[in-house]
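A closer look at the structure
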Amino acid sequence: MARDRETEVLVVGAGPVGLFTGLVLAERGIQVEIVEEEWRSTARSYALALHPYSLKLLDDLGMARELIEKGHQLYALAFYQEGERQVQLSYSQLPSPFPFILVLPQQALEEALVKRLKKKKVKVEWNHRVDAIESDSRGVHAHIQRLRKESTGYIVSGTEWMVDKSFTTKARFIVGADGHRSVVRRQLGIDFPEVAQPLLFAVFEFDAERHPEHEVRIVLDNGQTNVLWPMRGGRFRWSFQLESAAKFADPRVKSRLAVQVGGRSYPHLGKEELQQLIGQRAPWFDSPIGDVAWSIAIKFEFRLADSLGKDRIWLVGDSAHLANPVGVQSMNVGFREAHQLTSVLADALRSKDPFANLVSGEAARAGQDPLLDYERKRLAEWGQLLGLRGAPQPGELATDWTRRHAPRMLPCIPASGEDLSLLLKQAGLELPAGG
Ligand SMILES: Cc1cc2nc3c(=O)[nH]c(=O)nc-3n(C[C@H](O)[C@H](O)[C@H](O)COP(=O)(O)OP(=O)(O)OC[C@H]3O[C@@H](n4cnc5c(N)ncnc54)[C@H](O)[C@@H]3O)c2cc1C
């Protein structure tokens, strides 16, 4: 095993939330290292929208303008049923410096974050996997494997990842931003229970001859949720909720064209299936369709970790929660978590005795431990967002349609915190209490 390395904070995972966490820490003058088991950032658009509050956080890092230039702004969200527009929510009315949703492919965001980290001299260690974590009174030790691609031999040529070198990084804190199968969470022994039934979606990104639109449309028909996202440059994304993927996967091409994500294979869907679904669920979308850039049938789970961490090891992003993809909440609320957590960690690391007011002890007993406060606030918010505290409550302004659909509307709105409350208010709804 190679010699130990040392850093103040080790971030595990270079997804959008891990990269953001590393950058905020670096901005606060904290020594940070990011390790990522993959060899590069995401190659597709996946979580494709930034909430107004995320833009504010990114603006604090001096990144909002550059991202806005690369994205497409949406000023409204509309709910449809049976071809009729039922409710419209106006983002333009939000008292935010960025009163819109920014549609921006996840890979463009990640690329910009990596570039900014480079400027701050923070290196992302690609091909580095955290294998195990140990703690003692002075810090935490992450066992890290450096991976290298090797040829698998001569019968069928190919390559696979081998462990090239192992070493330990000692850190004062570890932040687990390592996604839904988080090693960090598992090392802490934190449960990650399902809180609702998973939903299956067929997702298509394609070009269409259609005027650029500035509204996201959500069609709630027959108990299913379908979403149309206008993107930049004549590109669109349709996400259709499915009952079963098998019906839409073409067995002749499935194995050849299946999409690989995180080591798993997902069925491929083509233009024919896209046209079929549009015909059934949104016949008003009658524009000629060009190339399908990518497509996938994918199951989204709903999970919430029982705890967000302990002592010197804390979780952010998908490692702690999985939410409805329509509201793009897991990534965006992940940024807010990272913002709060990094502020607590930076304060602790810059104080004379970093652990005087942290990590259990007197402060915790008095209910003032900022890390426990982080956990309490964030879990309470997730309770609201995942509908565990009940549905939004209708007020006088709520229409019959809104009253009936309030529980389904909540996870579809790309916003959180005060912005989400204000958008719901436009529809005559109020968030249930968070605590
Ligand atoms: C096909 C697809 C479509 C999606 N569409 C949507 C959508 O429409 N809306 C939406 O909100 N969300 C969507 N998502 C989910 C969205 O991408 C995630 O919510 C978002 O990426 C979460 O960011 P994160 O940084 O928390 O975690 P991740 O992006 O999962 O990043 C975690 C990183 O940690 C790395 N890692 C894991 N274990 C280790 C280890 N032991 N050592 C080192 N590194 C490790 C992983 O390789 C990964 O890069 C989609 C995802 C997929 C795959």
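None of these values were measured; they are calculated from a predicted model.

**Some thoughts on the overall build of the protein chain**
When helices and strands are counted, the protein chain shows 12 helices and 23 strands. Classification of the 435 residues of the protein chain by burial places 55% in the buried group. The long-range share in the protein chain, meaning contacts at least 24 apart out of those at least 6 apart in sequence, stands at 73%. Only carbon and sulfur atoms are counted for the fraction: they give 47% of the accessible area of the protein chain, which is about 19800 Å².

**Things to note about the confidence of the model for the protein chain**
Taken residue by residue, the protein chain gives an average pLDDT of 90. The fraction at 70 or more is 87%. Taken together, the stretch residues 250-257 has pLDDT below 50 and engages in 5 contacts with residues farther than four places along the chain or on a different chain.

**Concerning unusual backbone geometry**
With a phi close to 60 degrees, N127 is a non-glycine residue in the positive phi region. Within the element layout of this structure, N127 appears in the loop between β8 (124-125) and β9 (128-136). Of note in this structure, N222 is not a glycine but carries a positive phi near 50 degrees.

**Overview of the nonpolar core**
Ranked by size, the top nonpolar core spans 116 residues in total, and within it L50, F79 and W229 carry the most contacts. Considering every element that reaches this core, the biggest residue donor is helix α8 (residues 329-350), with 10 residues. The residue makeup of this core includes at least three contributed by each of domain 1 (5-48 + 107-192 + 305-384) and domain 2 (198-302). Those residues in contact with L50 that sit more than four places away from it in its chain are L55, L58, L67, F100, I101, L102, L104, L109, M331, N332 and F335.

**Points about the sheet that holds strand β6 (residues 84-90)**
Read across the sheet, 8 strands follow the order β6-β5-β13-β14-β15-β12-β18-β21 without closing on themselves; strand pairing throughout is mixed. The open sheet is flanked by β6 and β21 (321-322), the only strands paired with a single partner. For strand β14 (residues 224-230) and strand β15 (residues 235-242), the ladder comprises 5 bridges, and the chain directions are antiparallel. Across the sheet, residue P230 finds its bridge partner in β15, namely F236.

**Concerning the site of the ligand**
Neighbouring the ligand are 30 residues, the closest being E36, Q106, R237, D318 and P325. P16 places a polar main-chain atom, nitrogen or oxygen, 3.3 Å from an oxygen atom of the ligand. Compared with its free state, where it exposes 990 Å², the ligand has 86% of that area covered by protein. Those elements that provide at least two residues to the shell around the ligand are α1 (16-27), β9 and β18 (289-304). Across the shell around the ligand, the residue classes break down as 15 nonpolar, 8 polar and 7 charged. Per-domain counts for the shell around the ligand show at least three residues from each of domain 1 (5-48 + 107-192 + 305-384) and domain 2 (198-302).

**A closer look at the pairing of β15**
With 7 of 8 residues buried, β15 lies mostly within the body of the structure. Two strands pair when backbone bridges link them, and strand β12 (residues 194-208) and β15 are joined in this way by 8 bridges, in the antiparallel orientation. The residue of β15 that forms the bridge with L200 is L242. Hairpin connection of β14 to β15: 4 residues between the antiparallel strands, including G233 at a positive phi of 65 degrees.

Cut-offs and rules
- Residues numbered from 1 in each chain as written.
- Predicted model: local features only at pLDDT ≥ 70, side-chain atom pairs only at ≥ 80, totals over all residues.
- Heavy atoms only, no water.
- Helix = DSSP H or I, 4+ residues; strand = E, 2+ residues; numbered from the N terminus.
- Buried < 20%, exposed > 50% of the residue type's maximum accessible area, 1.4 Å probe, protein only.
- Contact = heavy atoms within 4.5 Å.
- Areas by Shrake-Rupley, 256 points an atom, 1.4 Å probe, with all protein chains shown as cover.
- pLDDT = per-residue confidence, 0-100.
- Core = buried A, V, L, I, M, F, W, Y, C linked by side-chain atoms within 4.5 Å.
- Domains from an automatic or database assignment.
- Pairing = 2+ DSSP bridges.
- Near = heavy atom within 4 Å.
- Polar contact = N/O pair within 3.5 Å; in protein donor to acceptor, adjacent residues only side chain to side chain.
- Nonpolar A, V, L, I, M, F, W, Y, C, P; charged D, E, K, R; others polar.

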